[in-house]
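Structural description and commentary
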Amino acid sequence: MKITKDLYQSNLVLLTDFYQLTMAYAYWKAGKGEQEAVFNLFFRKHPFQGGFTLAAGLDYVVDFCKNFKFEKADLEYLEVMKDQDGSPVFEAAFLEYLQQLEFTCDIDAVEEGTVAFPNSPLVRVRGPLIQCQLLETPLLNIINFQTLIATKAARINLAAQGEPVLEFGLRRAQGIDGALAASRAAYIGGCTSTSNVMAGKLFGIPVAGTHAHSWILSFETELEAFEAYAEAFPDQCVFLVDTYDTLNGVKNAIKVGEILRSKGKEMVGIRIDSGDLAYFSSKARQMLDGAGFPEAKIVASNDLDEHIIASLKSQDADINVWGVGTKLVTAYDQPALGAVYKLSAIKNEEGEWEPKVKVSQQSLKINIPGIHNTKRYFSKGKAVADMIFLEDQPIDTKGVVIIDPVDATRRKRLMPAFYQEEVLLKPIFDKGKKVYKLPTLTEIRDRATSQLESLDKTHKRLVNPHLYPVGLEENLHHLRMELVLKAKKFDNGED
Ligand SMILES: Nc1ncnc2c1ncn2[C@@H]1O[C@H](COP(=O)(O)OP(=O)(O)OP(=O)(O)O)[C@@H](O)[C@H]1O
Ligand SMILES: O=P(O)(O)OC[C@H]1O[C@H](OP(=O)(O)OP(=O)(O)O)[C@H](O)[C@@H]1O
Ligand SMILES: O=C(O)c1cccnc1
């Protein structure tokens, strides 16, 4: 069985919704298959009612695109597909077209580990309609999940205020790939290690852990269990103290800690996995300090998330290391990000780009037209605002006004000359050729750390965060308004 990284590096061209293939066929029949288009992948709302989102998953997208090829077995499967009246869904000439198909798109994307905001593209795809369309589902599948988990991990790590967070999610994750991709994203979001050994092997994430209650239960007494563990791992003893009576467990841990010390070794610490974690961690700290083990760490686990960690912090819990599983890798309180992939421009027969909007009753859902990108402005290393702009329009460096895409009365004037700037979409593929050097996972994680540092703490609050300003550059705002009004006029039967 091929899994995750191996899986993504193999041919997954059929990992798409059926309607992408039927549209591809219909585009081909209509002679539109090669017509150039631009699609943007973006989300409309931060997950977890938060104030930021951490982009992740691009590495998998790159693998997916590199391997985008219809192979014999894929075509054989499509060939035998029948519609309701028993005739083939796809005609042979279309399958031949698919067989010849080479990936030739331009892809620009926000790098993994970048802080992202609603409505700005995370990925932009430009290329023949058929290819753009076939990429919609897999790109959303990859980016939605990893971005969601990286964001959850970042929130949990912010709550832990720099203390190590060990990811323990494998047993509760959504299947095998859900677990592995989550471990990767959790590491990007700041987790120190994973308990998932395969994630360690595939991605080079540090692997760490303690031991389970079953270890204790397999011995006559807890003390014996600790002693035997210390025998096997004299340098890595974290004793799970809550199998019978937590404070008695701490006493036993201290006894074995003393035995270890007499052999020139130090216990690393204890783990508490139940009960009132604030109460037991404080009691345990007092006992460990009183017995001469002030360096012994207290690890806490048991259905933790960012809110419980923040609460434990506010209760002055004496916890030094956080073990977090279920609620991290399943993004328990919001199980999907909801990013979408929308067409924003298409080349007409004259070879000119036509910007497109999908009009919606909800202004939140009106997409941003044209070929656009995002510029982030920084002052003294802090991000101050993002401007979404049309790539072919000059930007007035003396002063720009950015306009909120949902509420046009919210505007902000910026003097670009006073700021440092970064253009967020970076070239990844140029006409199907990879032009981006993939960073290592450590580099991605470091980027996430520095990106989060560049964000004011008011945007990182777990509850009711301050809104970070993201706006449309004036030309883009006007273009969007014009297109919306035009579309509505048509809707009303006027011309
Ligand atoms: N002081 C605390 N403040 C806030 N939340 C806490 C505190 N101590 C523990 N918790 C959290 O409360 C929840 C306790 O759940 P639960 O009652 O199921 O645990 P428990 O009593 O340890 O039982 P179990 O042995 O089944 O794990 C967990 O999510 C835990 O992380
Ligand atoms: O709580 P999570 O954040 O998912 O962290 C992982 C949990 O997995 C283990 O126990 P498990 O849940 O298997 O059994 P237990 O609850 O009976 O300890 C461990 O002791 C943690 O409590
Ligand atoms: O190593 C641990 O302590 C661990 C691993 C997985 C789940 N819970 C705890």
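Residues numbered from 1 in each chain as written. Chains lettered and ligands numbered in written order. Predicted model: local features only at pLDDT ≥ 70, side-chain atom pairs only at ≥ 80, totals over all residues. Heavy atoms only, no water.

Labelled according to an unreviewed UniProt entry, the chain appears under the name Nicotinate phosphoribosyltransferase, originating from Algoriphagus jejuensis. The UniProt entry for the chain carries the following comment under Sequence similarities (unreviewed entry): "Belongs to the NAPRTase family." In the Catalytic activity (unreviewed entry) part of its UniProt record, the chain is described as follows: "5-phospho-alpha-D-ribose 1-diphosphate + nicotinate + ATP + H2O = nicotinate beta-D-ribonucleotide + ADP + phosphate + diphosphate". (UniProt positions renumbered as here; feature names shortened; annotations may be inferred.)

Description of the pairing of strand β12 (residues 340–347)
The pairing of strand β1 (residues 36–42) with β12 spans six bridges and is antiparallel. Considered in β12, the bridge of V38 is made with A345. Sheet analysis places β12 next to strand β13 (residues 353–355), joined by three bridges and oriented antiparallel. When the sheet's bridge partners are listed, K347 is paired in β13 with W353. Following β12, the chain reverses through five residues before pairing antiparallel with β13; G351 in that reversal takes a positive phi of roughly 80 degrees. (Pairing = 2+ DSSP bridges. Helix = DSSP H or I, 4+ residues; strand = E, 2+ residues; numbered from the N terminus.)

Some words on unusual backbone geometry
The phi dihedral of Q49 is positive, around 55 degrees, even though this residue is not glycine. Relative to the assigned elements, Q49 resides in the loop between β1 and β2 (53–54). The class for Q49 is exposed, based on a relative accessible area of 64%. For N464, which is not a glycine, the phi torsion comes out positive at approximately 45 degrees. Within the fold, N464 resides in the loop between α16 (457–460) and β21 (470–473). (Buried < 20%, exposed > 50% of the residue type's maximum accessible area, 1.4 Å probe, protein only.)

Side note on the site of ligand 1
All residues adjacent to ligand 1 are S274, G275, D276, L277, A278, N302, D303, L304, I308, S311, L312 and Q315. Between ligand 1 and the protein, one listed contact pairs a nitrogen atom with a backbone N or O atom of L277 at 2.9 Å. In this structure, N302 approaches ligand 1 through a main-chain N or O atom, which is 2.5 Å from an oxygen atom. Considered on its own, ligand 1 offers 640 Å² of accessible surface; in the complex 55% of this is hidden by protein. Among the elements that line the shell around ligand 1, the one with the most residues is helix α13 (residues 306–314), at three residues. Its residues placed into classes, the shell around ligand 1 shows five nonpolar, five polar and two charged. (Near = heavy atom within 4 Å. Polar contact = N/O pair within 3.5 Å; in protein donor to acceptor, adjacent residues only side chain to side chain. Areas by Shrake-Rupley, 256 points an atom, 1.4 Å probe, with all protein chains shown as cover. Nonpolar A, V, L, I, M, F, W, Y, C, P; charged D, E, K, R; others polar.)

A look at the UniProt feature "domain: Nicotinate phosphoribosyltransferase N-terminal" (unreviewed entry) in the chain
Residues annotated in UniProt with the feature "domain: Nicotinate phosphoribosyltransferase N-terminal" (unreviewed entry) correspond here to residues 14–144. End-to-end, the C-alpha atoms of residues 14–144 are 19 Å apart, and along that stretch the chain is 41% helix and 17% strand.

Some points on the pairing of β21
In terms of strand pairing, strand β15 (residues 382–390) meets β21 through three bridges, oriented parallel. Pairing of I388 across the sheet is with L472, part of β21. In this sheet, β21 lies alongside strand β16 (residues 400–403) in antiparallel orientation, the contact comprising two bridges. Bridge pairing in β21 links I402 to E473.

Here's the deal with the site of ligand 2
Within the structure, ligand 2 sits among F168, R171, R172, H213, R271, D273, N302, D303, L304, V324, G325 and T326. R171 places a polar side-chain atom, nitrogen or oxygen, 2.8 Å from an oxygen atom of ligand 2. At 2.4 Å, a side-chain N or O of T326 approaches an oxygen atom of ligand 2. Its free accessible area being 470 Å², ligand 2 has 72% of it covered by the protein chains. Of the residues assigned to the shell around ligand 2, the class counts are three nonpolar, four polar and five charged.

Regarding α13
Residues of α13 that are buried: E306, I309 and L312. The buried residues of α13 occupy one face: seen down the axis, they fall within an arc of 125 degrees. One side-chain oxygen at the N-terminal end of α13 lies 3.0 Å from the backbone nitrogen of H307; it belongs to D305. Directly beyond the C-terminal end of α13, a positive phi value near 55 degrees is found at D316. (Arc of directions from axis to C-beta.)

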